There are 2 protein chains.
Amino acid sequence: MLRTRLDLDRIHAARRVINPMFLNTPTYRCDALGRRLGCTVSIKLETANPVRSFKARGTELVTSLLTEQGRTAVVCASAGNLGQALTWSGRRRGLDVTVVASRRAPVAKLDRIRALGAELELVDGDFEMARERAVTIAQQRGIRLLEDSLDIETCEGAATIGLELADAESTADTVLIALGGGAMATGVGYVLKTLAPGVEVVCVQPTGAPALTRSFHERRVVTTESADTIADGVAGRYPIPEVLDDLLAVADDAVLVQESSIIAGMRLLLEHTGLVVEPSAALGVAAVLEDRDRFAGRHVVTVICGSNVDLDAYHRWVHRT
Amino acid sequence: MLRTRLDLDRIHAARRVINPMFLNTPTYRCDALGRRLGCTVSIKLETANPVRSFKARGTELVTSLLTEQGRTAVVCASAGNLGQALTWSGRRRGLDVTVVASRRAPVAKLDRIRALGAELELVDGDFEMARERAVTIAQQRGIRLLEDSLDIETCEGAATIGLELADAESTADTVLIALGGGAMATGVGYVLKTLAPGVEVVCVQPTGAPALTRSFHERRVVTTESADTIADGVAGRYPIPEVLDDLLAVADDAVLVQESSIIAGMRLLLEHTGLVVEPSAALGVAAVLEDRDRFAGRHVVTVICGSNVDLDAYHRWVHRT
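Residues numbered from 1 in each chain as written. Chains lettered and ligands numbered in written order. Predicted model: local features only at pLDDT ≥ 70, side-chain atom pairs only at ≥ 80, totals over all residues.

Caption draft 1: Spatial organisation of the overall build of chain A. Helix and strand counts for chain A come out as 14 helices and 10 strands. Against the globule reference of 20 Å for 321 residues, chain A gives a C-alpha radius of gyration of 18 Å, in line with a compact fold. Considered along the principal axes of its C-alpha atoms, chain A spans approximately 55 × 45 × 40 Å. Out of the 321 residues in chain A, the part that is buried amounts to 60%. Contacts spanning at least 24 positions in sequence make up 75% of the contacts within chain A whose residues lie at least 6 apart. (Helix = DSSP H or I, 4+ residues; strand = E, 2+ residues; numbered from the N terminus. Rg over C-alpha atoms; globule rule 2.2 N^0.38 Å. Buried ≥ 20, exposed ≤ 12 C-beta atoms within 10 Å, placed from the backbone. Contact = placed C-beta atoms within 7 Å.)

Caption draft 2: Spotlight on the packing of helix α9 (residues 211-218) of chain A against helix α10 (residues 241-250) of chain A. Residues and elements named next belong to chain A. At a minimum axis distance of 10 Å, the contact between α9 and α10 shows a crossing angle of 60 degrees. Judged on the interaxial angle alone, α10 and α9 are oblique. Note on packing geometry: the crossing formed by α9 with α10 is right-handed. Of the residues in α10, those in contact with Leu212, Ser215 and Phe216 of α9 are Leu244, Leu247 and Leu248. (Axes fitted to C-alpha atoms, helices over the stretch in contact; angles between N-to-C directions. Parallel < 35°, antiparallel > 145°, perpendicular 65-115°, else oblique. Left-handed = near helix turned anticlockwise from the far one by under 90°.)

Caption draft 3: Here's a closer look at the packing of helix α1 (residues 8-17) of chain B against helix α7 (residues 152-167) of chain B. All names here are of chain B. Running from amino to carboxyl end, α1 crosses α7 at an angle of 90 degrees, the nearest separation of the two axes being 9 Å. It follows from the interaxial angle that α1 and α7 lie roughly perpendicular. Side by side, α1 and α7 meet where Arg10, Ile11, Ala14 and Arg15 of the first sit next to Glu156, Gly157, Ala159, Thr160 and Leu163 of the second. Across the contact of α1 with α7, the residue classes break down as 4 nonpolar, 2 polar and 3 charged. (Nonpolar A, V, L, I, M, F, W, Y, C, P; charged D, E, K, R; others polar.)

Caption draft 4: Structural context of the relation of the copies chain B and chain A. Structural alignment of chain B on chain A gives an RMSD of 0.0 Å, achieved by rotating through 180 degrees and translating 0.0 Å along the axis. With respect to symmetry, the two chain copies, as superposed, fit the operation of a two-fold axis. (Least-squares fit on C-alpha atoms with pLDDT ≥ 70 in both.)

Caption draft 5: Layout of the pairing of strand β7 (residues 174-178) of chain B. All names here are of chain B. In terms of burial, β7 is a largely internal element, 5 of the 5 residues being buried. Taking every second residue as pointing to the same face, both faces of β7 are buried, with Thr174, Leu176 and Ala178 on one and Val175 and Ile177 on the other. Examined bridge by bridge, β7 and strand β8 (residues 200-206) share 5 bridges and lie parallel to one another. Bridge pairing in β8 links Ile177 to Cys203. (Pairing = 2+ DSSP bridges.)

Caption draft 6: Spatial organisation of the interface of chain B and chain A. Contacts between chain B and chain A engage 21 residues on the former and 21 residues on the latter. Mapped by element, the contributors of at least two residues to the side of chain B that touches chain A are β1 (27-29), α2 (31-37) and α5 (107-116) of chain B. Residue composition of the side of chain B that touches chain A, by class: 11 nonpolar, 5 polar and 5 charged.

Caption draft 7: Representation of α9 of chain A. All names here are of chain A. Among all positions in α9, only Ala211, Leu212, Thr213, Ser215 and Phe216 are buried. Tucked into the core, α9 has its buried residues touching β8 (200-206), α10 and β9 (253-257). At the C-terminal side of α9, Arg219 shows a positive phi close to 55 degrees.

Caption draft 8: Quick look at unusual backbone geometry. Phi is positive for Asn24 of chain A, close to 50 degrees, though the residue is something other than glycine. By the secondary structure assignment, Asn24 of chain A is in the loop between α1 (8-17) and β1 (27-29).

Caption draft 9: Structural view of the domain arrangement of chain A. Residues and elements named next belong to chain A. One can read the domain layout of chain A as domain 1 (8-53 + 152-319) and domain 2 (56-146). Placing a centre on the C-alpha atoms of domain 1 and another on those of domain 2 gives a separation of 22 Å. Taken together, the 28 residues of domain 1 in the interface contact 23 residues of domain 2. Looking at the side of domain 1 that touches domain 2, the elements with two or more residues in it are α1 and α7 (152-167). Ranked by the residues each element gives to the side of domain 1 that touches domain 2, the list is headed by α7, at 7 residues. (Domains from an automatic or database assignment.)

Caption draft 10: The sheet that holds strand β6 (residues 144-146) of chain B, seen in detail. Residue and element names in this part refer to chain B. With respect to topology, 4 strands assemble into an open sheet ordered β5-β4-β3-β6, the strand pairing being parallel. Across the chains shown, the open sheet's two edge strands, defined by having one partner strand only, are β5 (119-123) and β6. Going from strand to strand, the sheet's axes swing by 20 degrees on average, the running direction of each strand aside.

Caption draft 11: Here's a closer look at the environment of Ala196 of chain B. Residue and element names in this part refer to chain B. With respect to the helices, strands and loops of the structure, Ala196 is situated in the loop between α8 (183-195) and β8. Look at Ala196 and you get partly exposed, because 17 C-beta atoms sit within 10 Å. Residues Ala196 and Leu110 lie 86 residues apart in sequence; the distance between their C-alpha atoms is 38 Å. Setting aside residues up to four positions removed in sequence, Ala196 forms contacts with Ala166 and Thr171.

Caption draft 12: Summary view of the pairing of strand β9 (residues 253-257) of chain B. All names here are of chain B. Burial of β9 is extensive: 4 of the 5 residues sit out of reach of the surface. Pairing of β8 with β9 involves 5 bridges; the strand directions are parallel. Looking across to β9, one finds that Val204 is bridged to Val255.

Caption draft 13: Representation of the nonpolar core in the model. Ranked by size, the top nonpolar core spans 231 residues in total, and within it Ile177, Val188 and Val204 of chain A together with Ile177, Val188 and Val204 of chain B carry the most contacts. Setting aside residues no more than four positions away along its own chain, Val188 of chain B makes contact with Ala158, Ala159, Ile161, Gly162, Leu165, Val175 and Ile177 of chain B. (Core = buried A, V, L, I, M, F, W, Y, C linked by C-beta atoms within 7 Å.)

Caption draft 14: Molecular detail of the sheet that holds strand β5 (residues 119-123) of chain A. All names here are of chain A. The strand order β5-β4-β3-β6 describes an open sheet built from 4 strands, whose pairing is parallel. Across the chains shown, the open sheet's two edge strands, defined by having one partner strand only, are β5 and β6 (144-146). Strand-to-strand, the axes of this sheet are offset by a mean angle of 20 degrees, without reference to chain direction. The pairing of strand β3 (residues 73-77) with strand β4 (residues 96-102) spans 5 bridges and is parallel. The residue of β4 that forms the bridge with Val74 is Val97. Packing against the sheet, helix α6 (residues 127-141) makes contact with β3, β4, β5 and β6, and its axis sits at approximately 160 degrees to β3.

The following block contains the structure:
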């Protein structure tokens, strides 16, 4: 029995609450990409939905609970994807949604948060500054603060990805998961370690934003002074202790990858699967690129977690020769 | 009772034969795209699978039947997508697959057909020349010739898209379907007219390859001397009489769109949904762009039927300013 904050029954129950639009996402082998990477590669595609990331799995759950509780408003800090998802889920349920984000977040993400109907507040600092501001707003207004990865519903929502992977026809040897706050890694990892314990769970973070990976290896919270990566979706600096505990229980490894590998991963995903992805979604491919021997001949599944990217930046990264 | 070659029971049965990987594809609203087009737009995404088009729905059915019959080989002419799908489905069932294609087909499509394990034969002419050559090969070798749109399994496979659209939570006002040989239009159209007769079925073809659309309006087979369009997937010149009869029974309209609108459609799909699509998959958006008044305020569903595109060409089209 894994000692985590997660619970399989609750994760199964989550599937009945989440809009089916976000469930049972495409999972398929990409042989061309596999040949290029020297292993069997399957993709779990979390971007073919109105918010273009996996985050709505969690926000569907949270907003459903808030509605049951008669709450009318919610606030979150977001690197951009959680904000879109919370707004999408919240607005459909009549909730007022406030999102706090860094002014440096991708314009595409900020525009889409506004377009979905959130009150968007920008802060001058990074994501951690947005988190602080969101706490203040929640206190001032007396409304629910949704904290990504800390609030168990965000982990349970992401964990439904794990149920789908565990149900898949051919089980993977390794599942590669982008590591940001840790909701996806702990959620998916928990389900896999419970239902398919033979599957290796490998988390991937950029070298430029290594706080949770370092924490994992040192088995204690390690923070960083700054985060510097194009993978804006995973650029946290202050790991959450409870999340680290869960991660230590369910992840086999956490690795760091270079920015150049993330870009190469984005390019390979475009060339061999036709997918435009945001940098965080290329972390898995980047990990294989950096350690081909480790994955040689294995069947790896990589979760394509988001496609909210500024096209100008994408173009600069991917087409720079 | 519609008088067509299609049958609802057989289409339901097809769903039990087709690999689930190709079924229940993502269907979701794209509000950003809808705002841009002045209507509600939903996407039915047929590209998140190993062959990146809807064609495997039909080839799964055909190859399953061939295997039951003890056949060991099959040949088809293909603009590129059917060939990939037939090879994928056939090779998994131990069939030898021969694909005949035009030398002018997109390199990406030809490369992927080869990579999947087909014997690929190229002809100097266009798709219609490939069709002739495939007939000869089938006769010489005594093997099954798969004829797209004529062979009912290709229509029944595509028709399973219609079942999913008819099951969708909110029914569309209009479904926009790329019109090539007619398998998708007749299959999806038949199901919608049977299960959701209020939904308007509008087929879309490029002005540069208008044979089946002209045939639809003149209610007789009209051929063209040439086909000139970037939408290589729908560039036929010789409509099939049986398919035209079915189309006349199930389609409400067939419209032609300019090349510039197809390119604008591809660009909008990239900008607002993050999807890289082949030109044929942008026909629906192109149709809305060319006749905004017709679709204003309506809920249109457009089937994103393929994403096999040469990236160099895509880049030239979409990023040309």
